[in-house]
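Structure assessment
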Amino acid sequence: MSEKLQVPRGTYDVLPQDADTRVALEATARRILEGAGYRRIETPTFERTEVFARGVGASTDIVQKEMYTFDDGGGRSVTLRPEGTAPICRAYAEHGMHKLPQPVKLWYLSSFFRSEKPQQGRYRQFWQIGAEALGSDDPAVDAELIVLLATLLSELEVGRVRLRVGSLGTLDARHAYRERLQAHLRDNADRLSEDVRSRIELNPLRAFDSDHAGTRAVMAEAPLLLDQLDRADAEHFAAVRELLLRAGVEHEVDPTLVRGLDYYTRTVFEFESGKLSAQNAVGGGGRYDGLVEMLGGPATPGCGWAAGIERILLASDGLPVAPAPVDLYVAFGGAQQRRAAFALADEARRARMNAQIELAGRSLKGQLKHADRIGARYVAIVDDETTVLKDMQTGEQFEVDAAGVVARILRERGMR
RNA sequence: GUGGGCGUAGCUCAGCUGGUAGAGCUCCUGGUUGUGGUCCAGGCGGUCGCGGGUUCAAGUCCCGUCGCUCACCCCA
């Protein structure tokens, strides 16, 4: 025998018992988001590498070391999508969606790809539910999106959820702040951890997340972006918070909340679950007012979030899901009854019943056993002359006309 | 990329100080010249991740390698 093949590192099969749960999760997301006017969008699984290099930001870990990039055979560099927002902004610009009524509200459930070392809640191919609203900078857009995600997580019974919000200001303000922060870090470079020091030029905001003692001391004196927002940004942030409070969405302001993608402006937020271990972010997002323009479209404000399916599943208490009930199982004794049995199963299905037929050549005992295991409500045992219909709950059985089996079941159910 | 733990039947695992593989569950058959859920019996199923080494002998020791997993990092 040749070598047994396995899924590639960091990927997994969704087996039937897991698929049911995911379908339920998708149905819930769909109900909540479409109810609020968000419409489904699907973009290609891979894009021109440029979309992410420009959109996500060249200095990010995602672009620097986590993308699956390859030549498409025609000398073009393409990349398996590592996230969903940049492709949607590309689509917005490409299809002239700025001519539609604004904001354009979209949602997706797709898989994404990052070449990271896998661990709990982190895969190389992973699934996200996301929502984006493009074309309005109204703080109600930010608040609505956050409330929708909070609702979704709540309905999916994700346990011990905590929401942190912050604001990064405009790209200009963020840029100016970045330089001020870099200056502060350089002035105190000798007290910083090595990796923070080496990232001063690349990504100074990361320094806030360090747990290195010296670094923390330096960061305690560091200027905070939140304190230096310009008037419009500060008002925007205050309005978002006000709306969240009105909606009863508890949150805490985190002035050091940093998202690892370069396109964020103004509002950023993150939901984490205490039920998760290292990878505790279950969903997050923010505003990205310059992104569409960066990808060649008109200047367009936007805001959105993404939530990880695997992490929701890990942190969820609920999501009870059963496979489809079986109304009728058609059993038969020998090959000579197969045609009649097949016809009966077909007839039952046409009558909208969930019907299954014996397909493995089991003994009659084995067939009944199997019917019991899959939870069949009725079993029809097809014989040459007669057909016996058995009620698997009561154990009762009656001889019926083969032609009358379906009608009989429908009548029995009606009586209940 | 850096560390720790682990890799024995489809699944969960047992195999002490080395002597050439077991259990439970699942699945199938029989116990009723065709009728389930309990019970009983039997059967299917493993090159003990892979490669090398030590040894008369390795699942068991050593080295390497691959994979899984957890953490760092990063993120959903």
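Residues numbered from 1 in each chain as written. Chains lettered and ligands numbered in written order. Predicted model: local features only at pLDDT ≥ 70, side-chain atom pairs only at ≥ 80, totals over all residues. Heavy atoms only, no water.

Within the structure, RNA strand B sits among 45 residues, and Arg 9, Arg 114, Gln 120, Arg 206 and Gly 260 are positioned closest to it. Sugar and phosphate atoms represent 53% of those atoms of RNA strand B found within 4 Å of the protein. The separation between a phosphate oxygen of RNA strand B and a polar side-chain atom of Ser 277 is 2.7 Å. Of all elements in the fold, only β6 (125-134), β10 (281-287), β11 (302-308) and α13 (364-373) reach the threshold of two or more residues within the surface near RNA strand B. The element contributing the most residues to the surface near RNA strand B is α13, with seven residues. Residues that form the surface near RNA strand B fall into these classes: eleven nonpolar, 17 polar and 17 charged. (Near = heavy atom within 4 Å. Polar contact = N/O pair within 3.5 Å; in protein donor to acceptor, adjacent residues only side chain to side chain. Helix = DSSP H or I, 4+ residues; strand = E, 2+ residues; numbered from the N terminus. Nonpolar A, V, L, I, M, F, W, Y, C, P; charged D, E, K, R; others polar.)

A few words now on the side chain of Ser 111. Looking at the element boundaries, Ser 111 is found in strand β5 (residues 104-113). Judged by relative accessible area, Ser 111 falls into the buried class, the value being 7%. A polar atom in the side chain of Ser 111 sits 3.1 Å from the side chain of Gln 125. The residues touching Ser 111, leaving out its near neighbours within four places in the chain, are Arg 81, Gln 125, Phe 126 and Trp 127. (Buried < 20%, exposed > 50% of the residue type's maximum accessible area, 1.4 Å probe, protein only. Contact = heavy atoms within 4.5 Å.)

Our focus in this paragraph is the sheet that holds strand β14 (residues 376-382). The sheet built from five strands is open, its strands ordered β13-β12-β14-β15-β16 with mixed pairing. The sheet is open, and its two edges are formed by β13 (355-357) and β16 (397-400), each paired on a single side. On average, each strand axis in the sheet is inclined to that of its neighbour by 20°, with strand direction left out of account. Sheet topology places strand β15 (residues 387-391) next to β16; four bridges connect them, and they run antiparallel. Of the residues in β16, the one forming a bridge with Val 388 is Glu 399. Against the sheet, helix α12 (residues 338-350) touches β12 (326-332), β13 and β14, its axis set at about 165° to β13. Its contacts with the sheet put α13 on β12, β14 and β15, and the angle it makes with β12 is roughly 175°. (Pairing = 2+ DSSP bridges. Axes fitted to C-alpha atoms, helices over the stretch in contact; angles between N-to-C directions.)

Axis separation between helix α5 (residues 139-155) and helix α9 (residues 231-246) bottoms out at 8 Å; the angle between their running directions is 40°. The angle between the axes of α5 and α9 places the two elements in the oblique class. Where α5 crosses over α9, the two elements pack in a sense that is right-handed. Here Pro 139, Ala 140, Asp 142, Ala 143, Ile 146 and Val 147 of α5 lie close against α9, whose contacting residues are His 236, Ala 239, Val 240, Leu 243 and Leu 244. The class makeup of the residues in the contact of α5 with α9 is nine nonpolar, one polar and one charged. (Parallel < 35°, antiparallel > 145°, perpendicular 65-115°, else oblique. Left-handed = near helix turned anticlockwise from the far one by under 90°.)

Looking now at the packing of aromatic side chains. Remark: the centre distance and the inter-plane angle together describe each pair of aromatic rings, the angle taken between the planes. Under the counting rule described, the total for this entry stands at seven aromatic pairs. With 6.2 Å between their ring centres and 40° between their planes, Phe 112 and Phe 126 make a pair best called tilted. A residue pair is termed long-range when its members are at least 10 positions apart, and Phe 112 in strand β5 and Phe 126 in strand β6 qualify at 14 residues. Assessed through its relative accessible area of 1%, Phe 112 is described here as buried. Judged by its relative accessible area of 9%, Phe 126 is buried. Ring geometry for Phe 269 versus Phe 271: centroids 6.4 Å apart, planes at 85°, classification edge-to-face. Each member of the pair, Phe 269 together with Phe 271, is buried. Lying over the aromatic face of Phe 398, Arg 408 brings its terminal NZ or CZ to 4.0 Å of the ring centre. (Phe/Tyr/Trp six-rings, centres within 6.5 Å; stacked < 30°, edge-to-face > 60°. Lys NZ or Arg CZ within 6 Å of the ring centre and 35° of its normal.)

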